[in-house]
Amino acid sequence: MIMSHPKEILVEALEDALKGHFNGLSSEDISHSVSYCDPKFGEFSTNIAFRLSKSEAVSPQEIADKLLPELTKHKNIASAEFLKPGFINITLDPAVWLDYLSNLSDGFAQSNQGKGQKIQLEFISANPTGPLVLTNAWQGYYGDILSNIYSSQGFDVSREYFLNDGGNQVASLGRAIQQALGAEFEAEISENLYRGNYIDDVARAIVSELGSEDALKQAEPSQVGKRAAEIIVEDYIKPDLERLGVNYDTMYSETKPDVQKTLDRLESAGLSHKKDGALWVIGSKVGLKQDEVLVRSYDNEYTYFLKDLAYQLKRLEERGFDQTITIVGPDHHGQAIRLINTLKALGHDGFEEISTQTIRLIKDGKEFKMSKRKGNYILLDEFLDMVPTEAARFYFAMRDTNTHMDFDIDLVKEHSSKNPVYYSLYAYARACSIESNAKQQAIATADEFRNYEFSKTEQRLVVEISKIPLILQEIISTRKVHQLLHQTFEVAKAFHEYYESERVLTSLNASQKLKI
């Protein structure tokens, strides 16, 4: 049996009411006019009267006068009321909600809207020059949850970690390893090399492989850096990801895409030119304010922008993904614009970049300062020693990626209603307890109470639950994961109110009332 969502039933009722009076509105138009409303006014509200008043050149009141009699006599509508300036507030027949509740299952929020579409999400992808740090947590949790949401809606989802395992940062890592063993470099180079306990540990591991410190110090820095990056990925990044609870389908090296092929594409499309000894994207042809360097003049090396462009083209053209999303840390907005615009100029609009913002970690009322290169930073591993990963996951995902975050460790660990993580998990624990006791006592299920009358708290709980499938569908287009977490909190709030005011479990013969 296919379960109809209460909103779908309302849209059908509106379509029936409009017939013979007003034409030209599609089901999609009507659906977009409907939203949940404040419980004191009803369950749903539609601005259809206001919208039609413009095309019909009459007042919203006149539109409502024709629609209300049709709505109120519909079998699935309990009441409908016009509210100025142009809203109709609607309450559905309780049988609609009872039928919805009776047919709820574990997969009630799933859909097939993404069937046949392949999407890849790339996130975290921190350079393999050191362990993951606190700022990577937001990208990791957000990307993983967004991937799960896409999967729930029928998309073929792939998670990828892009390894920047080439270029200058790898050579710098090699020099940092050599410096840890006493090698000396010019002050300008030395001051900017990576530092931290992990550098010393990786240096010892490579010395063990090469047989002596002298052999390591005399080796080519890029080769030392390459081996160091491999060790860091295996011994630091992968264990950090495991603690984070994030699994990837692929780890993809930046050396795989054909960069020269991308340069040829840009040249044949007339989007690049040489200037001042360098090769540039012509900004005016891709909607940018200025030209962007592809190949540097001073060392003839590819820029990060070019390598990233080659990677995105590889994903969209050769690897078969219909859509790709990259989630990055703060301060990437300018980079996203040039990448998106250049891809569009090459005929692709299936790429999107999401940027998380800055994080301030607060503990004992004080802020931790972070600087990865200097060694004064908060390692992800250290952070997860302070906060359980599931609590951190919930807290991070509740925040819009467009806002900055103060992560208060003391609040996240607090077991009180002030903590949305604990508050929501407590509702889940209560629900599990009810379910367990119901099974043990063979309590009747909802389908045995077809004429059951909802209390106000029960009604509110069912309405809040019904919002989840619609929010998941909305997130597919908005990418706003925090909407789901906020709704989870609203469901928890409605559940606690229900639990505190109702006799939750009732025996089969109704002779015994039981609350857990």
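Residues numbered from 1 in each chain as written. Predicted model: local features only at pLDDT ≥ 70, side-chain atom pairs only at ≥ 80, totals over all residues. Heavy atoms only, no water.

Q: Describe the overall build of the protein, and please don't skip the residues or the numbers.
A: Scanning the protein from N- to C-terminus turns up 20 helices and 17 strands. Expressed along its principal axes, the backbone C-alpha trace of the protein runs to roughly 85 × 60 × 40 Å. The 516 residues of the protein split such that 50% are buried. Pairs at least 24 residues apart make up 68% of the contacts formed inside the protein by residues separated by at least 6 positions. Taken as a whole, the protein presents about 25,600 Å² of accessible surface, with 47% of it coming from carbon and sulfur. (Helix = DSSP H or I, 4+ residues; strand = E, 2+ residues; numbered from the N terminus. Buried < 20%, exposed > 50% of the residue type's maximum accessible area, 1.4 Å probe, protein only. Contact = heavy atoms within 4.5 Å. Areas by Shrake-Rupley, 256 points an atom, 1.4 Å probe, with all protein chains shown as cover.)

Q: Explain unusual backbone geometry to me, and be specific about the residues and the numbers.
A: The omega torsion of the bond from Lys 84 to Pro 85 falls at 10 degrees, within 30 degrees of zero and hence cis. The residue Pro 85 is located in the loop between strand E3 (77-83) and strand E4 (87-92) in this model. A positive phi angle, near 45 degrees, is found at Ser 125, a position not held by glycine. Looking at the element boundaries, Ser 125 is found in the loop between strand E5 (118-123) and helix H6 (134-152). Given the relative accessible area of 10%, Ser 125 is considered buried. Of note in this structure, Asp 364 is not a glycine but carries a positive phi near 55 degrees. Relative to the assigned elements, Asp 364 resides in the loop between strand E13 (359-363) and strand E14 (366-368). Owing to a relative accessible area of 58%, Asp 364 belongs among the exposed residues under this scheme.

Q: Tell me about helix H9 (residues 197-210), and please be specific about residues and values.
A: Between its first and last C-alpha atoms H9 spans 20 Å; for 14 residues at 1.5 Å apiece the expected length is 20 Å, and the two agree. Buried within H9 we find Tyr 198, Ile 199, Val 202, Ala 203, Ile 206 and Val 207. Those residues of H9 hidden inside the fold are in contact with helix H7 (168-180), helix H10 (213-218) and helix H11 (221-244). Phi turns positive one or two residues past the end of H9, at Gly 211, with a value near 100 degrees. (Expected span 1.5 Å × (residues − 1).)

Q: Talk me through the sheet that holds strand E8 (residues 272-275); I want residue IDs and the actual numbers.
A: Pairing between the strands of a sheet is mediated by backbone hydrogen bonds and can be parallel or antiparallel. Reading across from one edge, E8-E9-E10 is the order of the 3 strands in this open sheet, with antiparallel pairing throughout. Across the chains shown, the open sheet's two edge strands, defined by having one partner strand only, are E8 and strand E10 (292-295). Looking at each pair of strands side by side, their axes are set apart by 45 degrees on average, direction ignored. As defined by bridge partners, strand E9 (residues 278-281) adjoins E10 across 3 bridges and the pair is classed as antiparallel. Following the sheet pairing, Val 281 is matched in E10 by Glu 292. Running at roughly 130 degrees to E10, helix H12 (residues 259-268) makes contact with E8, E9 and E10 of the sheet. Docked against the sheet, helix H13 (residues 304-318) engages E9 and E10, running at close to 80 degrees with respect to E10. (Pairing = 2+ DSSP bridges. Axes fitted to C-alpha atoms, helices over the stretch in contact; angles between N-to-C directions.)

Q: Please give an account of the environment of Asn 164 that cites residues and values.
A: Take Asn 164: it is sitting in the loop between strand E6 (156-163) and H7. In this structure, the C-alpha to C-alpha distance between Asn 164 and Tyr 252, residues 88 residues apart in sequence, is 8.8 Å. Non-local contacts of Asn 164, meaning those with residues more than four positions away in its chain, are made with Ser 125, Asn 127, Pro 128, Gln 169, Val 170, Glu 254 and Tyr 304. In terms of polar contacts, Asn 164 uses its side chain to reach the side chain of Glu 254, at 3.0 Å. (Polar contact = N/O pair within 3.5 Å; in protein donor to acceptor, adjacent residues only side chain to side chain.)

Q: Describe the nonpolar core, with residues and values.
A: Counting 89 residues, the largest nonpolar core has Ile 124, Tyr 150, Tyr 161, Ile 177, Phe 383, Phe 396 and Phe 407 as the members making the most contacts within it. Per-element accounting of this core gives the leading share, 10 residues, to H11. Setting aside residues no more than four positions away along its own chain, Phe 396 makes contact with Leu 134, Ala 137, Trp 138, Tyr 141, Ile 359, Phe 383, Met 405 and Phe 407. Of all hydrophobic cores here, the second largest spans 32 residues; its members include Leu 71, Ala 80, Ile 88 and Ile 90. (Core = buried A, V, L, I, M, F, W, Y, C linked by side-chain atoms within 4.5 Å.)

Q: Give me the lowdown on the sheet that holds E5, citing residues and values where you can.
A: Read across the sheet, 5 strands follow the order E7-E6-E5-E11-E12 without closing on themselves; strand pairing throughout is parallel. Strand pairing shows two members of the sheet lacking a second neighbour, strand E7 (250-253) and strand E12 (351-355), which therefore form its edges. The sheet shows a mean angle of 25 degrees between the axes of neighbouring strands, direction not considered. As defined by bridge partners, E5 adjoins strand E11 (residues 323-328) across 5 bridges and the pair is classed as parallel. By the bridge assignment, Gln 120 is partnered in E11 with Thr 324. Those strands touched by H6 are E5, E6, E11 and E12, and its axis lies near 170 degrees from that of E5.

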